[in-house]
Amino acid sequence: MRHLTYLAVLAGCLAGALWLEPALRVGVLKQWRRLVLTLVPVAAVFVVWDLLAIAAGHWTFDPAQTTGVVFPGGLPLDELLFFLVVPICAILGFEAVRKVLGDR
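Where an unreviewed UniProt entry is consulted, the chain appears under the name Lycopene cyclase domain-containing protein, with the organism given as Phytohabitans houttuyneae. Database annotation for the chain, UniProt heading Pathway (unreviewed entry): "Carotenoid biosynthesis." For the chain, the Subcellular location (unreviewed entry) comment in UniProt is given as "Membrane".

So, in structure tokens, the structure goes:
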């Protein structure tokens, strides 16, 4: 089960943030096109950054804690999911704060 560690952390992040969508009706997931347009450039920059760091030997991933699915260049699936999950959680949190505080 150790190979699911990274995915478990990502699932925990999502569990901590996804409830904001229905509870506060923040509408982040409802606007999926806008969300995709936000996520793609961010993920692209960090994927390139990671690939360069991996190629230079500055960055590694513990294969015992990842799923074992690795893309060309050495980028694990888990890391790619990180670049999607963490921004989604951040956006949900941001929109939840905006919703609660209103237009102050």
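Back to the text.
*Asks:* How should I be thinking about the UniProt feature "transmembrane region" (unreviewed entry) in the chain in this particular structure?
*Replies:* In the numbering used here, UniProt assigns the feature "transmembrane region" (unreviewed entry) to residues 6-24, 36-60 and 80-97. Helix makes up 95% of residues 6-24 and strand 0%. Its end C-alpha atoms lie 28 Å apart. For residues 36-60, the helix share is 80%, the strand share is 0%, and the end-to-end C-alpha distance is 27 Å.

*Asks:* Would you mind showing me how to read the layout of surface pockets here?
*Replies:* Counted as a void, the largest pocket has a volume near 220 Å³. Around the largest pocket sit V26, G27, V28, Q31, R34, L35, T38, I91, F94, E95 and R98, which together line it. Elements that contribute at least two residues to the lining of the largest pocket include exactly α3 (32-55) and α4 (77-101). If one sorts the elements of the lining of the largest pocket by residue count, α4 sits on top with 4 residues. Taken together, the residues of the lining of the largest pocket sort by class into 5 nonpolar, 3 polar and 3 charged.

*Asks:* Just to check I follow, could you spell out the side chain of T66 for this structure?
*Replies:* Relative to the helices and strands, T66 is located in the loop between α3 and β1 (70-71). According to the relative accessible area criterion, T66 is buried, its value standing at 6%. In this view, T66 contacts H3, Y6 and D78; residues no more than four positions away in its chain are not counted.

*Asks:* So what exactly am I meant to see when it comes to the UniProt feature "domain: Lycopene cyclase" (unreviewed entry) in the chain here?
*Replies:* Mapped onto this structure's residue numbering, the UniProt feature "domain: Lycopene cyclase" (unreviewed entry) falls at residues 5-95. From the first C-alpha to the last, residues 5-95 spans 28 Å; its make-up is 68% helix and 4% strand.

*Asks:* I would appreciate a short explanation of the packing of aromatic side chains in the present structure.
*Replies:* Two descriptors summarise a pair of aromatic rings, namely the distance from one centre to the other and the angle between the planes of the rings. Under the counting rule described, the total for this entry stands at 5 aromatic pairs. Centre to centre, the rings of Y6 and F82 are 6.4 Å apart; their planes meet at 70 degrees, and the pair counts as edge-to-face. In this pair, Y6 sits in helix α1 (residues 5-18) while F82 sits in helix α4, placing the two residues 76 residues apart along the sequence. We classify F82 as partly exposed; its relative accessible area is 31%. On the basis of an interplanar angle of 25 degrees and a centroid distance of 5.8 Å, the ring pair of F46 and F83 is categorised as stacked. With F46 in helix α3 and F83 in helix α4, this pair connects stretches of sequence that are 37 residues apart. For F83, a relative accessible area of 7% puts it in the buried group. Among the aromatic side chains, those forming a connected cluster through ring pairs are Y6, F46, W49, F82 and F83.

Conventions and cut-offs
- Residues numbered from 1 in each chain as written.
- Predicted model: local features only at pLDDT ≥ 70, side-chain atom pairs only at ≥ 80, totals over all residues.
- Heavy atoms only, no water.
- UniProt positions renumbered as here; feature names shortened; annotations may be inferred.
- Helix = DSSP H or I, 4+ residues; strand = E, 2+ residues; numbered from the N terminus.
- 1 Å grid on protein atoms, 1.4 Å probe; cavity = no way out; pocket = protein on both sides within 12 Å on 5 of 7 lines; lining within 4 Å.
- Points joined across faces, edges and corners; volume = space filled by probe spheres on them.
- Nonpolar A, V, L, I, M, F, W, Y, C, P; charged D, E, K, R; others polar.
- Buried < 20%, exposed > 50% of the residue type's maximum accessible area, 1.4 Å probe, protein only.
- Contact = heavy atoms within 4.5 Å.
- Phe/Tyr/Trp six-rings, centres within 6.5 Å; stacked < 30°, edge-to-face > 60°.

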